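Geometric and topological summary
Here is how the chains run, residue by residue.
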Amino acid sequence: MQLDVFNTLWKNYTLQNPSAQAVHDLFTQEGEQVINDHIAFRTFDDPRMNIAVLSKKFIKLGYVPKGEYKFEDKHLNAIHLEHPTIENAPRVFISELILSEFSEEFQKTVKRRLNSVGNAYYADPDLIYKGSVWGKPSYADYQFLRKESEYAAWLYIHGFRANHFTVSINALKRYNTIEKVNQFIKDKGYEMNTTGGEIKGTPEKFLQQSSTLAEMIEMEFEEGIYEVPACFYEFAIRYPDESGQLFSGFIAANANKIFDSTNFRTV
Ligand code: OOG
Ligand code: NI
């Protein structure tokens, strides 16, 4: 990786989610080269921290906005950015939660939290590394937000960080199909997200994806320590589109199911 930003994000991600490093290392032990297809961020559509704000860091590095996506049932907008010249620079997927589409009480709970710190926190160019800038979360609020949005609950406790990295299956030699990758991951004892089937997408749509279920971690809340889902690892294979070029965008129907990788669950 030639961009330091991804090294820092990877460090934070694997420190919190050692299973991602372990899976990465399983591939390198097999002699494979792990290239990141993309990484993803989540945020609120509040103008202090929306997609435009998080994109800035990448635009400064030469990234260009490419695709736009809508997830009506999850109340999300998203974009993806690509780097036009740096070889193997990961795509960057950024989504934002449309707060106005939720109940008054939900909006109040989120806004209270967002307003609990000064605007300087959000203006920091390093916001993308900051995680939750809002201090110790309330478990009651976390569970309340979940009733309307699993995404909001996750974002409330984890904040600004790469919520997943994605292994490019196109760059693997031996594990050159998504079926082989999934089998390898399951044989090593990791659980996959099975929402809508283990494999999201078809070669005819030019993109197939799968992901692990988010690692469960212990987190300190105002009420005590609870286990919560953190981040997941994704696997993606791209196919040439009508133009003969590898498809480079995202598929909303796939993404809609990938989001569920961080849903709350009890173990
Ligand atoms: C992003 C989900 C979408 C993809 O590759 O389609 C996605 C998220 O969970 O924040 O990663
Ligand atoms: Ni993804």
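Whatever comes next refers back to the structure up there.
Now for a quick tour of the structure. Each residue is numbered by its place in its chain's sequence as written, counting from 1. Chains carry letters from A onward and ligands carry numbers from 1 onward, assigned in written order. Whole-chain, interface and lining totals are the exception, using all residues; otherwise, since this is a predicted model, local features are given only for residues with pLDDT of at least 70 and side-chain atom pairs are given and counted only at 80 or more. Hydrogens and water molecules were not included; the side-chain quantities draw on all heavy atoms of the structure.

**Observations concerning the overall build of the chain**
We count it as follows: Numbering of helices and strands runs from the N terminus, with a helix taken as a DSSP run of H or I at least four residues long and a strand as a DSSP run of E at least two residues long. The globule rule is 2.2 Å times the number of residues to the power 0.38, and the radius of gyration it is compared with is taken over C-alpha atoms. We call two residues in contact when some of their heavy atoms are within 4.5 Å. What sets the accessible areas is the Shrake-Rupley method with a 1.4 Å probe; for residues, cover comes only from the shown protein chains. None of His or the chain ends enter the tally, which takes Lys and Arg as positive and Asp and Glu as negative. Note that the charge is assigned to NZ on lysines, CZ on arginines, CG on aspartates and CD on glutamates.
For the chain, the helix and strand inventory stands at nine helices and nine strands. Its C-alpha radius of gyration of 18 Å places the chain within 12% of the 18 Å reference for a compact globule of 267 residues. Over its C-alpha atoms, taken along the principal directions, the chain stretches across nearly 50 × 40 × 35 Å. A separation threshold of at least 6 residues defines the contact pool for the chain, and within that pool the share at least 24 residues apart is 67%. Carbon together with sulfur atoms contributes 50% to the accessible area of the chain, which is approximately 12000 Å² in total. In the chain, the 29 positive side-chain charges and the 36 negative ones have mean positions that sit 2 Å from each other.

**Regarding the packing of helix α2 (residues 18-29) against helix α8 (residues 178-187)**
Inclusion rule: A fitted line through C-alpha atoms serves as each axis, taken over the contacting stretch for helices, and the angle formed by two N-to-C directions is quoted from 0 to 180°. Note: crossing handedness is left-handed where the near helix turns anticlockwise from the far helix by less than a right angle, and right-handed where it turns clockwise. Ten residue types, Ala, Val, Leu, Ile, Met, Phe, Trp, Tyr, Cys and Pro, are classed as nonpolar, four, Asp, Glu, Lys and Arg, as charged, and the remainder, Gly among them, as polar.
The contact between α2 and α8 brings their axes to 11 Å, and the two run at 115°. As for the relative orientation of α2 and α8, their crossing is right-handed in sense. Packed against α2, whose contacting residues are Val23, Leu26 and Phe27, the element α8 presents Val181, Phe184 and Ile185 at the interface. Here the residues of the contact of α2 with α8 are counted per class, giving six nonpolar, no polar and no charged.

**A short note on the site of ligand 1**
Note the threshold: Here a residue is near a molecule or strand as soon as one of its heavy atoms is found within 4 Å of it. As used in this structure description, the phrase polar contact means that two N or O atoms lie within 3.5 Å; if the pair is within protein, one of them must be able to donate a hydrogen and the other to accept it, and residues adjacent in sequence are counted only when both atoms belong to side chains.
Surveying the vicinity of ligand 1 reveals the residues His38, Arg42, Phe93, Asn163, His164, Gln209, Phe232, Glu234, Phe250, Ala255, Ile258 and Phe259. One of the side-chain nitrogen or oxygen atoms of Arg42 is found 2.7 Å away from an oxygen atom of ligand 1. Here an oxygen atom of ligand 1 and a side-chain polar atom of Gln209 are 2.7 Å apart. For ligand 1, whose unbound accessible area comes to 320 Å², protein coverage reaches 100%. Broken down by secondary-structure element, the contributors of at least two residues to the shell around ligand 1 are β1 (36-44), β9 (232-238) and α9 (252-258). Class assignment of the residues belonging to the shell around ligand 1 gives a composition of six nonpolar, four polar and two charged.

**Observations concerning the environment of Leu246**
Structurally, Leu246 can be placed in the loop between β9 and α9. In this structure, the C-alpha to C-alpha distance between Leu246 and Pro47, residues 199 residues apart in sequence, is 34 Å. With residues up to four places along the chain from it excluded, the contact list for Leu246 reads Asn170, Arg238, Tyr239 and Pro240.

**A look at the coordination of the nickel ion (ligand 2)**
Note on metal geometry: ideal angles are 109.5 degrees for four donors arranged tetrahedrally and 90 or 180 degrees for six donors arranged octahedrally. Threshold: Metal donors: N, O and S atoms at distances within 2.8 Å, or within 3.2 Å for Na, K and Ca, with water omitted from the atom set so that some sites may seem incomplete. Only protein chains enter the accessibility calculation, which uses a 1.4 Å probe. A residue is then buried if its area is under 20% of the maximum for its type, exposed if over 50%, and partly exposed in between.
Coordination sphere of the nickel ion (ligand 2), protein contribution only: His38 (NE2), His164 (NE2) and Glu234 (OE), at 2.0 to 2.2 Å. In primary-sequence terms, the residues that donate to the nickel ion (ligand 2) follow H-x125-H-x69-E. Taken together, the residues span a long stretch of sequence, with His164 in strand β5 (residues 164-168) and Glu234 in strand β9 at a distance of 70 residues. Pair check on accessibility: His164 and Glu234 agree, each one buried.

**Side note on the nonpolar core**
As a reminder, the rule being used: Note on terminology: a nonpolar core comprises buried Ala, Val, Leu, Ile, Met, Phe, Trp, Tyr and Cys residues joined through side-chain atoms within 4.5 Å.
Formed by 78 residues in total, the largest nonpolar core has its most connected members in Leu9, Phe27, Tyr233 and Phe235. A per-element tally of this core places helix α7 (residues 150-158) first, with seven residues. Residues within four places of Leu9 in sequence aside, it is in contact with Ile39, Phe41, Phe58, Ile128, Tyr129, Ala162 and Phe165.

**Some points on the packing of aromatic side chains**
Using the following cut-off: Working definition: rings of Phe, Tyr and Trp (its six-membered ring) pair if their centres are within 6.5 Å, and the pair is stacked with planes under 30 degrees apart, edge-to-face with planes over 60 apart, and tilted otherwise. Counted as over-ring charges are cases with an Arg CZ or a Lys NZ within 6 Å of the ring centre that also lie within 35 degrees of the ring normal.
Within the structure shown, the criterion is met by 30 aromatic pairs. Relative to Tyr63, the ring of Phe6 has its centre 6.3 Å away and its plane inclined at 55°; by these criteria the two rings are tilted. With Phe6 in helix α1 (residues 4-16) and Tyr63 in the loop between α3 (51-60) and β2 (64-71), this pair connects stretches of sequence that are 57 residues apart. Of the aromatic side chains, those joined through ring pairs into one cluster are Trp10, Tyr13, Phe27, Phe165, Tyr175, Phe184, Tyr233 and Phe235. Across from the ring centre of Trp154, 4.7 Å away, lies the NZ or CZ of Arg42, which sits over that ring. Above the plane of the ring of Phe250 lies Arg238, whose end atom (NZ or CZ) is 5.4 Å from the centre.

**Some thoughts on the packing of helix α4 (residues 104-114) against helix α6 (residues 139-148)**
Rules: Any angle that is under 35 degrees is reported as roughly parallel, and any over 145 degrees as roughly antiparallel; angles of 65 to 115 degrees are reported as roughly perpendicular and all others as oblique.
Where α4 meets α6, the closest approach of the two axes is 10 Å, and the angle between their N-to-C directions is 135°. Relative to α6, the element α4 lies oblique. In terms of crossing hand, the pair formed by α4 and α6 is left-handed. Judged by residue contacts, Glu105, Phe106, Thr109, Val110 and Arg112 of α4 engage Asp141, Phe144, Leu145 and Glu148 from α6. The residue inventory of the contact of α4 with α6, partitioned by class, reads four nonpolar, one polar and four charged.

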